[in-house]
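Notes for the structure review
Residues per chain are reported as follows:
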Amino acid sequence: HSRKRRAALDRERRREQIVGAAVAVFAAKGYRAASIADIIEKAGVARGTFYLYFTSKEEAFNAVLDRFHARYRAMAGRETARNYTNPIGLEKRLRASLIEWLRFLLEDPALTTIVFRQAAAVDPDYEQKYLAILKTMQAHSIKAIRFLRTIRLLRADLDPAFLNAVFYGTTMQIVLRAIAEAREPDIDAIADQWITLLRSGVLRARAR
């Protein structure tokens with residue numbers, strides 16, 4: 001049994017080695033320019049080894065997307081377990097959540113680049129798969145926003161789905177620009193800016 005277990009672990013490690021190489025190759029060259037030969041060279045394996053795990057470049061690409069989905073689902077699970085119903089210490093919890101999401105998206109720049117720059121154009125079904133996961137996670141955020149409106153902590157004239165979209169879109173722009181420019185953004189400063197924006201809004205109060 002232990003020998004079979006070790007063999008299974010070795011197969012999983014080898015598969016992950018190939019997927020990791022595919023992430024690097026697709027991020028650097030793009031899906032269409034990348035080849036199986038590129039992935040094999042990057043992984044340092046024989047062509048026959050590649051075909052033990054994948055039948056095509058497309059299948060390897062889908063495995064890359066699956067890697068992101070698995071990590072995303074784990075991250076979304078932690079987020080949906082976060083308690084936003086107690087207004088005491090709410091800003092601290094919001095700030096911690098934002099920092100955790102930024103770190104998640106920045107921890108593997110190549111994978112984030114593939115998912116948010118390439119995937120929808122390569123896999124026609126990808127966008128629907130991704131939106132299904134995103135919708136589940138964002139439902140929790142919208143529920144929290146609605147609760148904060150009922151206790152008069154948030155303005156009642158802003159649509160929760162709109163607020164959620166603004167938050168998500170802005171965060172992704174910050175992340176993708178930082179990756180494109182190969183720089184490490186100041187995550188703490190970004191979180192502070194978000195909290196300031198949430199606390200005070202955007203427009204200055206008009207003089208009376």
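Below or above, wherever it landed, is the structure these notes cover. All residue numbers refer to position in the chain's written sequence, counted from 1. Note on the predicted model: pLDDT of at least 70 is required for a residue's local features to be given, and 80 or more for side-chain atom pairs to be given and counted; whole-chain, interface and lining totals, by contrast, use all residues. The basis for every side-chain value is the complete set of non-hydrogen atoms in the structure, without hydrogens or water.

1. As for the packing of helix H6 (residues 109-122) against helix H8 (residues 160-180)
- In contact at an axis separation of 10 Å, H6 and H8 are set at 125° when each is read in the N-to-C sense. Judged by the angle between their axes, H6 and H8 are oblique. Both H6 and H8 take part in a crossing whose hand is left-handed. Residues Pro109, Thr112, Thr113, Phe116 and Arg117 of H6 lie in contact with H8, whose contacting residues are Tyr168, Met172, Val175, Leu176 and Ile179. To define axes, lines are fitted to C-alpha atoms, for helices over the stretch in contact only, and angles between the resulting N-to-C directions are given on a 0 to 180 degree scale. Put simply, DSSP H or I for four residues or longer makes a helix, DSSP E for two residues or longer makes a strand, and each gets a number counted from the N terminus. If an angle is under 35 degrees, it is roughly parallel; if it is over 145, roughly antiparallel; if it lies from 65 to 115, roughly perpendicular; otherwise it is oblique. Each helix crossing is assigned a hand: it is left-handed if the near helix lies turned anticlockwise from the far helix by less than a right angle, otherwise right-handed if that turn is clockwise. In what follows, residue pairs with any heavy atoms lying within 4.5 Å of each other are defined as contacts.

2. A look at the nonpolar core
- Among the nonpolar cores identified, the biggest contains 49 residues, and Phe26, Ile39, Phe50, Phe61, Val64, Phe68 and Phe116 are the most heavily contacted of them.
- Broken down by secondary-structure element, the contributors of at least two residues to this core are helix H1 (2-29), helix H2 (36-43), helix H4 (57-80), helix H5 (90-106), H6, helix H7 (126-150), H8 and helix H9 (187-200).
- Among the elements that take part in this core, H4 stands out by supplying eight residues, more than any other. Working definition of a nonpolar core: buried Ala, Val, Leu, Ile, Met, Phe, Trp, Tyr and Cys residues. They are joined through side-chain atoms within 4.5 Å. To sort residues, take the accessible area from a 1.4 Å probe on protein chains only and compare it with the maximum for the residue type: under 20% means buried, over 50% means exposed, and anything in between is partly exposed.

3. A closer look at unusual backbone geometry
- Phi is positive for Ala182, which is not a glycine, with a value near 50°.
- Checked against the element boundaries, Ala182 lands in the loop between H8 and H9.

4. Regarding the packing of aromatic side chains
- Side-chain rings of Phe, Tyr and Trp (the six-membered ring for Trp) are treated as a pair once their centres are within 6.5 Å; stacked means planes under 30 degrees apart, edge-to-face means over 60, and tilted covers the remaining angles. For the coordinates displayed, the defined rule picks out 12 aromatic pairs.
- An aromatic cluster of three or more residues is present, and its members are Phe68, Tyr72, Trp101, Phe104 and Phe116.
- Lying over the aromatic face of Tyr31, Lys57 brings its terminal NZ or CZ to 4.3 Å of the ring centre. Criterion for a charge above a ring: Lys NZ or Arg CZ within 6 Å of the ring centre, and within 35 degrees of the ring normal.

5. Considerations on the packing of H5 against H8
- With their axes 10 Å apart at the nearest point, H5 and H8 run at an angle of 40° to one another. In terms of orientation, H5 and H8 fall into the oblique class. With respect to the hand of their crossing, H5 and H8 are arranged in right-handed fashion. Judged by residue contacts, Leu98, Leu102, Leu105 and Leu106 of H5 engage Phe167, Thr171, Met172, Val175, Ala178 and Ile179 from H8.
- Note that Gly is not counted as nonpolar here; it falls among the polar residues with everything else outside the nonpolar set of Ala, Val, Leu, Ile, Met, Phe, Trp, Tyr, Cys and Pro and the charged set of Asp, Glu, Lys and Arg. Its residues assigned to classes, the contact of H5 with H8 shows nine nonpolar, one polar and no charged.

6. Description of the side chain of Thr112
- Counting through the fold element by element, Thr112 comes out in helix H6.
- Among all residues touching Thr112, those that are not within four sequence positions of it are Leu105, Arg117, Val175, Leu176 and Ile179.

7. A few points about empty space enclosed by the protein
- Cavities and pockets are defined on a 1 Å grid built over the protein atoms alone: a cavity is a set of grid points where a 1.4 Å probe fits but cannot escape, while a pocket is an open set with protein on both sides within 12 Å along at least five of seven lines, and lining residues are those with an atom within 4 Å of any such point. Grid points are joined across faces, edges and corners, and a volume is the space filled by probe spheres set on the points. What the rule picks out here adds up to one cavity of 30 Å³ or more.
- The space that makes up the largest cavity amounts to roughly 40 Å³.
- Residue lining of the largest cavity: Phe68, Arg71, Phe104, Glu107, Asp108, Leu111 and Thr112, and that is the complete set.
- Elements represented by at least two residues in the lining of the largest cavity include exactly H4 and H6.
- Residues that form the lining of the largest cavity fall into these classes: three nonpolar, one polar and three charged.

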